[in-house]
Amino acid sequence: MFLKVLVIGYGNTLRSDDGAGQIVANEVAKWRWANVRSLCVHQLTPELAEEIACASTVIFVDASISDSETLQVERLTLQPTAISLGHLGEPRSLLFLTQAIYGKITPAYWILIPAVNFEFGEKLSPITEGAVMAALEEIKRLSSRT
Amino acid sequence: MPKKIVIDPVTRIEGHAKISIYLDDGGEVADARFHVTEFRGFEKFCEGRPFWEMPGITPRVCGICPVSHLLASAKAGDNILAVNIPPAAEKLRRLMNLAQIVQSHALSFFHLSSPDFLLGWDSDPTKRNVFGLMAAEPELARSGIRLRQFGQEIIKLLGGQKIHPSWAVPGGVRESLSQEGRDQIRTWLPEVRTTALNTLSRFKQILDDHQSEAKIFGNFPSLFLGLIDSKGLWEHYNGSLRFVDSGGNIIADRLDPTRYQEFIGEAVQPDSYLKSPYYRPLGYPDQPSQCRLESGIYRVGPLARLNVCERMGTPLADQELQEFRERGSGTANSSFFYHYARLIEILASSERIEGWLDDPDLLSNRLRAHADVNQLEGVGVSEAPRGTLFHHYQVDENGLIEKVNLIIATGQNNLAMNRTVAQIARHYIHGTEIPEGMLNRVEAGIRAFDPCLSCSTHAAGQMPLHIQLVGADGKVLNEVWRD
């Protein structure tokens, strides 16, 4: 079955706001929408390329240090601007990898949730908590367009 | 005037490391040191915790090999309970360990090391990585990704998640394999075997083309340590320990792993958080000239495991082992052969998994032996992908940890990594110039060991290498950093 939307939420759930990506992905999973698959991962790894290749759209969700308290949504282009793995793994690199290995260019979005606290902990700051709700609404909007 | 070259940080390894290369008055390499500069302190902050928690805590040392710590920790707990775990639980633990070996070796070979020998030692460093490999050889890269996926999926099928699964516990395991999971594994196996065989075939061509590197990448006599089973076959979970020398002669055999302190000593280095284990009866090799059979330096990991065992115990892997020994002139001493050994272990793991898959015990619900604290000390030993791993706990009557000692594979290879760096540096460095390709070869020498520095210092982080060239007066004459 050709999956339509793949949501990949990543980050460290033990580092307060850094867990926002996984929290969003967890919530999306609870929706149980037939055309949406949600993955919670600690970091972006090459193995995700196969999942991305099977989707019509991929939405990356991560926490981000930002001066703004507003959610940022980027439409990603295919450009290996930061070729790396692990904690510094970049969605664009993963898209490049997907294209290189599977010959598939999957339309992608990057939802960046404003984050202020990366200390040890499992709670979100008020700013991030609010942005998580906005991220979920954005995912609903993007998913309904595909 | 003597000088020192320092490589800091080292790239494409797990963890944070620095290399110092010391030149003599003539500008030739006198010595080299591999430093690990991070510290986390698991052995200390676990004091006071219930030993039951240790299989949940210690895997957090590392995100690449958490399963290894999970299993060794659970085995230490088994000791404290003084139980024999149910046969089904042992088989399931073995299955997970084999999956761990496959995924970790796949990561090491395809993602970390192969860019060097497939793209070229002197190729553009911005492309000499897994993404460059994927652009140049997409089919090979795809195979490697799927191979790692195979191992990770088994870990997830058993433990519920790919990283830090909470599954093995003192006394057994929490869950068995489902019928559906078993069927999934069965469908993947043919591809895994094909990938392993194809990659082995490819690597043998690489080996032929890299004879000069094979001769100088950590090619020196040392002891080798690994587990063997009762028949002397390749073993990864239980069994006894065997030391062989560089000629394949058995130095010590059928050693009880729980009595490791009788034959393994640990030296502390002044400039690194990485300890230096050595074979106690032959002493710590504290002289540069002690790179000989009579010193206690030893290596662990895939190369060592293949050197100590009689056979792998599975048909295809045994054929490969035979050729491995022919190419390595018997006991392989070159650390370049670590890459080769990893691929054979992937093949052996897939064969063993296939042979066990129909065992009904894998679906059993008899998974736990229950007991209280019956011994105040427990040692758990298993073969992690990188080598023999020891977890040693001392507890009080209530099971609270009083003391922890962890001996990690990478630590046991520390002395050998130092020798490797020195050997490569002696070959390529003459004077204060540090060509980039030379730097990469020094790093590649380290990568052959697939060090896990987060584990071995119980340290955190993932950062590249810093190389520093220092004179005898301590002045830094040249430096290179890699992000």
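Residues numbered from 1 in each chain as written. Chains lettered and ligands numbered in written order. Predicted model: local features only at pLDDT ≥ 70, side-chain atom pairs only at ≥ 80, totals over all residues. Heavy atoms only, no water.

S.K.: Please provide a residue-by-residue account of the overall build of chain A, values included.
M.R.: A tally of regular secondary structure across chain A gives four helices and five strands. The 146 residues of chain A split such that 49% are buried. Partitioning the intrachain contacts of chain A with sequence separation of at least 6 by distance along the chain shows that 76% fall at a separation of at least 24. Of the roughly 6,900 Å² of accessible surface on chain A, a fraction of 53% belongs to carbon and sulfur atoms. (Helix = DSSP H or I, 4+ residues; strand = E, 2+ residues; numbered from the N terminus. Buried < 20%, exposed > 50% of the residue type's maximum accessible area, 1.4 Å probe, protein only. Contact = heavy atoms within 4.5 Å. Areas by Shrake-Rupley, 256 points an atom, 1.4 Å probe, with all protein chains shown as cover.)

S.K.: Any chance you could break down the pattern of salt bridges for me, citing the residues and the numbers?
M.R.: Opposite charge on two side chains allows them to pair when their charged atoms are near. Residue and element names in this part refer to chain B. Inspection of every chain in the model, using the stated rule, returns 33 salt bridges over all chains. Between Arg-49 and Glu-53 there is a salt bridge; the shortest N-O distance is 2.8 Å. One connected set of salt bridges, linked through shared partners, spans Lys-204, Asp-208, Glu-320, Glu-323 and Arg-327. (Salt bridge = Lys/Arg side-chain N within 4 Å of Asp/Glu carboxyl O.)

S.K.: Before we move on, can you summarise the interface of chain B and chain A with the specific residues and values?
M.R.: Between chain B and chain A, the contact holds 17 residues from the first and 16 residues from the second. Carbon and sulfur atoms supply 64% of the area that chain B and chain A bury against each other, a total of about 1,500 Å² over both sides. Across the contact surface, chain B and chain A share two salt bridges. With its nearest N and O atoms 3.0 Å apart, the salt bridge here joins B:Arg148 to A:Glu47. Seen at the junction of chain B and chain A, the total is three residue pairs in polar contact (both at pLDDT 80 or more). Breaking the side of chain B that touches chain A down by element, the ones donating at least two residues are α5 (130–136) and α6 (138–159) of chain B. Residue contributions to the side of chain B that touches chain A peak at eight residues, all from α6(B). Classifying every residue of the side of chain B that touches chain A gives eight nonpolar, six polar and three charged. (Buried area = accessible area lost by both parts, 1.4 Å probe. Polar contact = N/O pair within 3.5 Å; in protein donor to acceptor, adjacent residues only side chain to side chain. Nonpolar A, V, L, I, M, F, W, Y, C, P; charged D, E, K, R; others polar.)

S.K.: Give a description of the environment of A:Ser66 that names residues and reports values.
M.R.: Residues and elements named next belong to chain A. The residue Ser-66 is located in the loop between β3 (55–65) and β4 (72–76) in this model. When the C-alpha atoms of Ser-66 and Thr-77 are compared, they prove to be 21 Å apart, with eleven residues separating the residues in sequence. Beyond its immediate sequence surroundings of up to four residues, Ser-66 is in contact with Gln-72 and Ala-115.

S.K.: Residue-level account of the pairing of strand β7 (residues 240–244) of chain B, with values.
M.R.: All names here are of chain B. The element β7 is largely enclosed, with a buried count of five among its five residues. The two faces of β7 match: Ser-240, Arg-242 and Val-244 on one face and Leu-241 and Phe-243 on the other face are all buried. Sheet topology note: the strand β6 (residues 223–228)/β7 ladder contains five bridges and is antiparallel. By the bridge assignment, Leu-227 is partnered in β7 with Leu-241. One ladder, built from three bridges, connects β7 with strand β8 (residues 250–255); its direction is antiparallel. (Pairing = 2+ DSSP bridges.)

S.K.: So what's going on with the sheet that holds strand β14 (residues 401–407) of chain B? Which residues, and what values?
M.R.: Residues and elements named next belong to chain B. Taken in spatial order, the three strands line up as β12-β13-β14 in an open sheet, and their pairing is antiparallel. Edge positions in the sheet fall to β12 (377–384) and β14, since each of these pairs with one other strand and no more. Going across the sheet, the axis of each strand differs from the next one's by a mean of 10 degrees, ignoring polarity. Summarising the sheet, strand β13 (residues 387–395) and β14 pair through six bridges and their orientation is antiparallel. Opposite His-392, over in β14, you have Asn-405 as the bridge partner. (Axes fitted to C-alpha atoms, helices over the stretch in contact; angles between N-to-C directions.)

S.K.: Explain the packing of α6(B) against helix α7 (residues 179–209) of chain B to me, using residue names and the numbers behind them.
M.R.: All names here are of chain B. Running from N to C, α6 and α7 point in directions that differ by 145 degrees, and their axes come no closer than 10 Å. As α6 runs across α7, the sense of the crossing is left-handed. Residues Leu-140, Ser-143, Arg-146, Leu-147, Phe-150, Glu-153, Ile-154 and Leu-157 of α6 pack against Gly-181, Gln-184, Ile-185, Trp-188, Leu-189, Glu-191, Val-192, Thr-195 and Arg-202 of α7. Residue composition of the contact of α6 with α7, by class: nine nonpolar, four polar and four charged. (Left-handed = near helix turned anticlockwise from the far one by under 90°.)

S.K.: Pulling in residues and values, what's your account of the nonpolar core?
M.R.: Counting 120 residues, the largest nonpolar core has B:Ile21, B:Trp167, B:Phe203, B:Met312, B:Phe324 and B:Ile353 as the members making the most contacts within it. A total of 14 residues in this core trace back to one element, the largest contributor, which is helix α4 (residues 87–119) of chain B. In contact with B:Ile353, other than residues within four places in its own chain, are B:Leu95, B:Leu98, B:Phe150, B:Ile154, B:Ile185 and B:Leu189. Judged by nonpolar contacts, the second largest core, of 25 residues, contains A:Val41, A:Ile52, A:Leu97 and B:Met134. (Core = buried A, V, L, I, M, F, W, Y, C linked by side-chain atoms within 4.5 Å.)

S.K.: Give me the lowdown on the confidence of the model for chain A, citing residues and values where you can.
M.R.: When the pLDDT values of chain A are averaged, the result is 87; 90% of them are 70 or greater. Contacts from residues 80–88 of chain A, a stretch scored under 50 in pLDDT, to residues over four places away or in other chains number 23 contacts. (pLDDT = per-residue confidence, 0-100.)

S.K.: So, the sheet that holds β8(B): which residues are in play, and what are the values?
M.R.: One open sheet accounts for four strands, arranged β8-β7-β6-β11 (chain B); its pairing is mixed. One side of each edge strand has no neighbouring strand; the edge strands of this open sheet are β8 and β11 (298–299) of chain B.

S.K.: Give me the lowdown on α4(B), citing residues and values where you can.
M.R.: All names here are of chain B. Here α4 spans 46 Å end to end across 33 residues, near enough to the 48 Å set by a 1.5 Å rise per residue. Taking the largest bend as the criterion, α4 deviates by roughly 60 degrees, centred on Ser-113, and proline Pro-115 comes between one and four positions later. Buried residues dominate α4, accounting for 29 of its 33 residues. Two residues or fewer after α4 comes Gly-120, characterised by a positive phi angle close to 110 degrees. (Expected span 1.5 Å × (residues − 1). Bend = angle between axes of the 7 residues up to and from the residue.)

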